[in-house]
Amino acid sequence: MPDLLVRSFAPLLLAFQPCFTRPSFASFWALTCAWILCSGRRSLTRIIQAGQLTEFKHFCSFHRFFSHARWNLDDLGRCVFQLLLPFCAEVFVAAVDDTLARKSGRHIWGAGMHHDPLRSTQKRPFFAFGHNFVVFSLQVALPFAPHKYWAFPILVRMYRKRHTAQRAPGKGGKLERKQTGQATTKQYRTRPELALEMIQIVASWIPQRMLRVLGDSEYAGQSISRHLPANVKLISRMNMKAALYAPPAKVAKRGRRRKKGNRLPSPVQIAENQKAKWIKTTLPLYGKQVKLWYQTIDALWYPSAGQQLLRMVVVRDPSGRRRDDCFFSLDLTLTATQILEIFSRRWPLEVCFRDVKQFLGFEDPQNRVAKATTRTAPVIFFIYDLVLLWYAQSGHLLAPKAALNRLWYPQKDSVSFEDILRTLRYVTWQERIFSDPALDAHTRKILQPFVEWAKGLT
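Here we summarise the structure given alongside this text. Everything numeric in this text was worked out from a predicted model, so none of it was measured.

## Quick notes on the overall build of the protein
Right, on to step 1. Summing up its helical and strand segments, the protein has 15 helices and twelve strands in all.
Right, on to step 2. With the C-alpha coordinates of the protein rotated into their principal frame, the extents come out at 90 × 60 × 45 Å.
Right, on to step 3. When each of the 458 residues of the protein is scored for burial, the buried share is 50%.
Right, on to step 4. Pairs at least 24 apart in sequence give 66% of the contacts found in the protein among residues at least 6 apart.

Structure representation (structure tokens):
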């Protein structure tokens, strides 16, 4: 195997050995190490060049690793899950969301026009061409920062739009050409259906333990909430105009029993009620103390969860900066404040999306064929997981040596993924350059400034 990274990283890579054949595992090892050390744009050819992998294998072997090799993404996710178990709490907390990888080109398999949340506003939505991935992650607090949660993606599915016979604008326009790899009617599945598939897989891995899944309003519908395994509870955001009902009363009458009781006020009506009594509190949300008012109610949201009783929390910002909102939980053992605190742990997944795009080149690979397109981006998520796990096991002990002295951040008290990636690279360079006992003191003194300068590379 190519000795590119620090030796303490090797046990994490060895955990993936059962997922591959021997040649594929060697390619996986080399690509993972080179991907971490590469700076700048991360196309596959640049990764090969940055790690000098042509001295190890022919460059076509690394392209075939994604496009032809026999291995399964879910097996890699299971390995990451096993590595995470020592850091997980008794009750697992997970999040599900989707992200956009922007692309350009007519013949990219599976690409299409998707909503772009970064450019869109409430009044004007924007769309971008690319791939849309649905991601299932575990939210875990690591020992070096017990009050901060990190998202560890373990399962990924690519959302493919349904094939249509759409024609280009104009009279007699040609058939839309940007439809390579679109799903047929039988193949097509919505994003919530893809999320449910991943939830069911993870729930089968831990049949005796509870899994709480966090998702935004897109993942709050009946596609998920009515089909969850017995050990899974959903916490999500609710439409403020949702139709709520009381549980059906037990009446000794002939005929079919009622499925829902009387109609209750919707969340927006509860919030607008002038006589309502708000409970005022301060909660630790998103890393800071937040003042808010809330009301809670147990009711049925029949169009979504059917006859499952939900605990709903209507929230108001007393400063008036944010509009009223509503959250619900299928776990009735949680209090209103616990529901809000747990739901705030969904945010690390958004941070993960930002980090893999900014520091690991999530949108850079220029794959065209089906297998390579569906595999490359999820592997980047697993590389992200491995970097965090290395830091949790041994990297945090070496972090002070790799820290940058930034005078404009005097109040920074938490570590970011950029800091973690810098630490791994710095320790690797130190080991590879200065571990040679034949290196004299004068040469070491000359090389040390270059290692310090390389800290700032991203």
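Next comes the rest of the account.
## Looking at empty space enclosed by the protein
Right, on to step 1. Tallying each qualifying case throughout the model produces three cavities of 30 Å³ or more.
Right, on to step 2. Forming the walls of the largest cavity are 13 residues, and the residues nearest its centre are Lys 103, His 131, Asn 367, Thr 373 and Ala 377.
Right, on to step 3. For the lining of the largest cavity, the secondary structure elements donating two or more residues are β3 (127-141) and α12 (370-393).
Right, on to step 4. Looking at the lining of the largest cavity residue by residue, the classes come out as seven nonpolar, five polar and one charged.

## A short note on α12
Right, on to step 1. Counted at 1.5 Å a residue, the expected span for α12 with its 24 residues is 34 Å, and the 36 Å between its end C-alpha atoms agrees.
Right, on to step 2. Of all 24 residues in α12, 20 are buried; the element is thus mostly enclosed.

## Topic: the environment of Gln 448
Right, on to step 1. Turning to its location among the elements, Gln 448 is positioned in helix α15 (residues 441-453).
Right, on to step 2. Along the primary structure Gln 448 and Glu 90 are separated by 358 residues, whereas in three dimensions their C-alpha atoms are 45 Å apart.
Right, on to step 3. Discounting chain neighbours no more than four positions away, the residues touching Gln 448 are Tyr 426, Gln 430 and Phe 434.

## Some points on the packing of helix α5 (residues 73-84) against α12
Right, on to step 1. Interhelical geometry of α5 versus α12 gives an angle of 10° and a closest axis separation of 11 Å. Considering their axes alone, α5 and α12 lie roughly parallel with respect to each other. Where α5 approaches α12, its residues Leu 73, Leu 76, Gly 77, Val 80, Leu 83 and Leu 84 are matched on the opposing element by Thr 374, Arg 375, Pro 378, Val 379, Phe 382, Asp 385, Leu 386 and Leu 389.
Right, on to step 2. Split into classes, the residues belonging to the contact of α5 with α12 amount to ten nonpolar, two polar and two charged.

## Notes on the pattern of salt bridges
Right, on to step 1. Tallied over the entire structure, the rule returns 18 salt bridges.
Right, on to step 2. A salt bridge links Asp 364 to Arg 41, with the shortest nitrogen-to-oxygen separation between them at 3.5 Å. In this pair, Asp 364 is assigned in the loop between α11 (347-359) and α12 and Arg 41 in the loop between α2 (22-37) and α3 (44-50), connecting sequence segments 323 residues apart.
Right, on to step 3. Judged by relative accessible area, which is 14%, Asp 364 ranks as buried.
Right, on to step 4. For Arg 41, a relative accessible area of 44% puts it in the partly exposed group.

## Thoughts on the nonpolar core
Most often, soluble globular proteins have nonpolar side chains that are buried together.
Right, on to step 1. Counting 145 residues, the largest nonpolar core has Phe 9, Phe 16, Phe 136, Leu 138, Ile 154 and Leu 211 as its most contacted members.
Right, on to step 2. Here the element with the most residues in this core is α12; it accounts for 15 residues.
Right, on to step 3. Those residues within four positions of Leu 138 in sequence are excluded, and the remaining contacts are Phe 81, Leu 84, Cys 88, Phe 92, Val 93, Ala 94, Trp 150, Ala 151, Phe 152, Ile 154 and Leu 211.

## Some words on α15
Right, on to step 1. The end-to-end C-alpha distance of α15, which contains 13 residues, comes to 19 Å, matching closely the 18 Å that a straight helix rising 1.5 Å per residue would cover.
Right, on to step 2. When the local axis directions of α15 are compared, the greatest deviation, roughly 25°, occurs at Leu 447, which is followed within four positions by the proline Pro 449.

## Comments concerning a nonpolar patch on the surface
Right, on to step 1. A cluster of nonpolar side chains, contributed by Leu 407, Trp 408 and Tyr 409, occupies part of the molecular surface with about 430 Å² of accessible area.
Right, on to step 2. Secondary-structure assignment places Tyr 409 in the loop between α13 (399-402) and α14 (417-434).
Right, on to step 3. By relative accessible area, which is 46% here, Tyr 409 ends up partly exposed.

## Looking at the pairing of strand β11 (residues 309-316)
Right, on to step 1. Among the eight residues in β11, six count as buried, and that is most of the element.
Right, on to step 2. In the sheet, strand β10 (residues 288-300) pairs with β11 via eight bridges, with the strands oriented antiparallel. Looking at β11, one finds that Ala 299 is bridged to Leu 310.
Right, on to step 3. Note that β11 and strand β12 (residues 325-329) share five bridges and pair antiparallel. Across the sheet, Val 315 pairs through a bridge with Asp 325, a residue of β12.

Parameters at a glance
- Residues numbered from 1 in each chain as written.
- Predicted model: local features only at pLDDT ≥ 70, side-chain atom pairs only at ≥ 80, totals over all residues.
- Heavy atoms only, no water.
- Helix = DSSP H or I, 4+ residues; strand = E, 2+ residues; numbered from the N terminus.
- Buried < 20%, exposed > 50% of the residue type's maximum accessible area, 1.4 Å probe, protein only.
- Contact = heavy atoms within 4.5 Å.
- 1 Å grid on protein atoms, 1.4 Å probe; cavity = no way out; pocket = protein on both sides within 12 Å on 5 of 7 lines; lining within 4 Å.
- Points joined across faces, edges and corners; volume = space filled by probe spheres on them.
- Nonpolar A, V, L, I, M, F, W, Y, C, P; charged D, E, K, R; others polar.
- Expected span 1.5 Å × (residues − 1).
- Axes fitted to C-alpha atoms, helices over the stretch in contact; angles between N-to-C directions.
- Parallel < 35°, antiparallel > 145°, perpendicular 65-115°, else oblique.
- Salt bridge = Lys/Arg side-chain N within 4 Å of Asp/Glu carboxyl O.
- Core = buried A, V, L, I, M, F, W, Y, C linked by side-chain atoms within 4.5 Å.
- Bend = angle between axes of the 7 residues up to and from the residue.
- Patch = residues over 30% accessible without salt bridge, like charges linked within 9 Å, V, L, I, M, F, W, Y side chains within 5 Å.
- Areas by Shrake-Rupley, 256 points an atom, 1.4 Å probe, with all protein chains shown as cover.
- Pairing = 2+ DSSP bridges.

Everything listed is a geometric property; what it means functionally is a separate question.
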